[in-house]
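Fold and geometry: a report
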Amino acid sequence: MDVKTRILSRYKAKVFKGRKDHILEVDGSGGQQIAANTRAIPGIMTNRGCCYAGCKGVVLGPLKDTVVLTHGPIGCGFYSWGTRRNKARAGEGGENYVQYCFSTDMQEPDIVFGGDKKLRRAIEEACAIFRPRRIMICSTCPVGLIGDDIHAVAAWAEREFGITCVAFSCEGYKGVSQSAGHHIANNGLMKRVIGTDDGEVGGRYRVNLLGEYNIGGDGWETERILRKVGYTVVSVFTGDGALADIARSHKADLNLVQCHRSINYVAGMMKDAFGTDWLKVNFIGLGATAATLRSIAEYFGGDELRERTEEVIEEEMAAVSGDVAYYRGRLEGRRAALFVGGSRSHHYQDLLGDFGVSTVLAGYEFAHRDDYEGRRVIPDIREDADSKNIESLVVERDLRYRAFLTPERARELRERIGLGDYGGLIRDMPDGSYVVDDLNHYETEAFIELLKPDIFFSGIKDKYVIQKAGVLARQLHSYDYSGPYAGFRGSLVFGRDLTMGLYAPAWGLVSPPWAGGGAAPAGGAEAPGEGGSDA
């Protein structure tokens, strides 16, 4: 009995039917299909987040020059603020609101009698204390149920205080996961922010960095490399990002898309409205970062830029190659499983490969089929009732539309560097590995027992379940207070953290439930007490 059959055999018939198409073994055929972006089965311990978490927690929360105000219970605001390490430096005028958790703290009387008055008082208080120029309102489940008109309140705030105030109806129950919240946030940015400032943007080779949320400082490291080559970073969506910069983002020549799922809507709409091409990139991993830099240089063209790109790659690789070789010697031959959001389950396989670690399992919390199978399947994806709950903007060509490339050059680059395309996760997975959508706690434990990974990368909800099974668990949503992991220097931080974790003597003291009481150092430490000092 194969691994998939053994796992599914524990389910009752109805659950079996609902889960069988969400799990597949990669066979290299190139045409495999997986079920995704459907409702999680009631009662299953899913690791997904809600629509509000995708809108406020992922896309809008990292903005530093904006008060992002949660209209709802305090738990929603605190969870979406305290679990992601979006770093930010104070921008113009010292604005940096990322360290604050803003919430209306709705109570039972507010739900019974309406919370719009409390929302107005919260805005008045925020304006009196912080004097922000921008406020964004994100609603949670009770707000949608009782009908508070947050958009009317936002319009009142703009008139009353002369600020930009945008409301997002991102109640948690909308859609099937946090993916719906990404879409809502993208729509709001497109309607109210992007293209609203026509001020001049200087510099050559102007780019926007999309889908980079500066977890642990990743965005700073990526920007450092881009600027070293000679690129002008106009704006970042949205790690250490500012609405003031995003308002000018239509001035860029190219959008670099790091996280496809959370920001592909903006990339597509900016292409339609302003003619801005987009390129799927990956700054996670040594080889991946080098390949990305070469693809960007190919887009802009010119021998000078290509030569500078190769110089930077050579300099950066020379600075880290010795340490990379050391960590590879400690990690080579290990096996990893990844279940994260965004594109991380895909990107980190490149970084793991740099250290000789193979992937046996990968999946996403909130992906759509195109994240797994590539954008070629988008025309075949059938829209269901949950998807229709989310507004799908149709943008018209703006008067400021400009094409950086000729149509012939654009077609050539689509074939050569994948311009405006994304091949998806499955294409790059090794044969015999497993891809699972919306992995749950039972399946996590079952795959650990059957595939025996040495490392499992995931989020906070399943981290401790995995560690109790005797397997090292590393968070890729917050990096367990480490980072950055992006770029050349970040690869060393990742290798160091992985080596310290795997060689910690604690694993010799952990016995997974199926080990029959004997110690099982699943992380691969030679013996308790050995290896820790080497890291």
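The present account deals with the structure reproduced in this document. Quick caveat, the model's predicted, so the values are computed rather than measured.

1. What about unusual backbone geometry?
Cis peptide bonds are those with omega within 30 degrees of zero, and the linkage from F237 to T238 qualifies with -5°. You can see T238 is positioned in strand β7 (residues 232–238). Along the chain, G483 connects to P484 via a cis peptide bond; the corresponding omega equals 0°. Its identity is not glycine, yet D480 carries a phi of approximately 50°, on the positive side. Relative to the helices and strands, D480 is located in the loop between β14 (472–475) and α21 (487–502).

2. Quick notes on the sheet that holds strand β9 (residues 277–280)
Strand pairing within a sheet occurs via backbone hydrogen bonds; the two strands may be parallel or antiparallel. A sheet is described by the order of its strands in space; here four strands give the open sequence β7-β6-β8-β9, paired in parallel fashion. In this open sheet, the two strands that pair with only one neighbour each are β7 and β9. Direction aside, the axes of adjacent strands within the sheet are offset by 25° on average.

3. Some remarks on a negative patch on the surface
Negative charge collects at one region of the surface, where D2, E25, D27 and D431 lie side by side. With respect to the helices, strands and loops of the structure, D27 is situated in the loop between β1 (23–25) and α3 (51–60). With a relative accessible area of 45%, D27 lands in the partly exposed category.

4. Things to note about the pattern of salt bridges
Evaluated as defined, the whole model comprises 45 salt bridges. K271 is the partner of D277 in a salt bridge, and the nearest nitrogen-oxygen pair spans 2.7 Å. Here E408 ties to R411 by a salt bridge, and the two come within 3.9 Å at their closest N and O atoms. Highlighted residues: E408 and R411, both in helix α18 (residues 407–417), separated by three residues, approximately one helical turn. Among the ionic contacts, a cluster of salt bridges with common partners joins E298, D303, R306, R409, E412 and R416.

5. Brief notes about the packing of aromatic side chains
Applying the stated criterion across every chain yields a total of 22 aromatic pairs. With centroids separated by 5.3 Å and ring planes inclined at 65°, the aromatic side chains of Y205 and F300 adopt a geometry described as edge-to-face. Of this pair, Y205 sits in the loop between α9 (179–192) and β6 (206–212) while F300 sits in helix α13 (residues 286–300), placing them 95 residues apart in sequence. Residue classification places Y205 among the buried residues on the basis of a relative accessible area of 16%. For F300, a relative accessible area of 12% corresponds to the buried category. With centroids separated by 5.2 Å and ring planes inclined at 65°, the aromatic side chains of Y326 and Y327 adopt a geometry described as edge-to-face. By relative accessible area, Y326 is classed as partly exposed at 35%. Exposure remark for Y327: the relative accessible area of 12% places this residue in the buried category. Ring pairs connect the aromatic residues Y348, F355, F457, Y479, Y485 and F494, which therefore count as one cluster. Taking NZ or CZ as reference, R89 lies 3.7 Å from the ring centre of W220, over its face. Note that R330 overlies the ring of Y503, its terminal NZ or CZ placed 4.0 Å from the centroid.

6. Considerations on the environment of V320
Tracing the sequence through the fold places V320 in helix α14 (residues 303–331). Residue classification places V320 among the buried residues on the basis of a relative accessible area of 4%. Sequence-wise, V320 and V377 are 57 residues apart; in three dimensions their C-alpha atoms are separated by 39 Å. If we skip the residues at most four places from it in the chain, V320 touches L286, F488, R489 and L492.

7. Comments concerning empty space enclosed by the protein
Scanning the entire structure with this criterion turns up one cavity of 30 Å³ or more. The volume enclosed by the largest cavity comes to roughly 30 Å³. What lines the largest cavity is F457, R474, L476, Y485, F494, D497 and L498. Looking at which element gives the most residues to the lining of the largest cavity, the answer is α21, with three residues. Of the residues assigned to the lining of the largest cavity, the class counts are five nonpolar, no polar and two charged.

So, how was this worked out
- Residues numbered from 1 in each chain as written.
- Predicted model: local features only at pLDDT ≥ 70, side-chain atom pairs only at ≥ 80, totals over all residues.
- Heavy atoms only, no water.
- Helix = DSSP H or I, 4+ residues; strand = E, 2+ residues; numbered from the N terminus.
- Pairing = 2+ DSSP bridges.
- Axes fitted to C-alpha atoms, helices over the stretch in contact; angles between N-to-C directions.
- Patch = residues over 30% accessible without salt bridge, like charges linked within 9 Å, V, L, I, M, F, W, Y side chains within 5 Å.
- Areas by Shrake-Rupley, 256 points an atom, 1.4 Å probe, with all protein chains shown as cover.
- Salt bridge = Lys/Arg side-chain N within 4 Å of Asp/Glu carboxyl O.
- Lys, Arg positive; Asp, Glu negative; His and termini not counted.
- Charge placed at Lys NZ, Arg CZ, Asp CG, Glu CD.
- Buried < 20%, exposed > 50% of the residue type's maximum accessible area, 1.4 Å probe, protein only.
- Phe/Tyr/Trp six-rings, centres within 6.5 Å; stacked < 30°, edge-to-face > 60°.
- Lys NZ or Arg CZ within 6 Å of the ring centre and 35° of its normal.
- Contact = heavy atoms within 4.5 Å.
- 1 Å grid on protein atoms, 1.4 Å probe; cavity = no way out; pocket = protein on both sides within 12 Å on 5 of 7 lines; lining within 4 Å.
- Points joined across faces, edges and corners; volume = space filled by probe spheres on them.
- Nonpolar A, V, L, I, M, F, W, Y, C, P; charged D, E, K, R; others polar.

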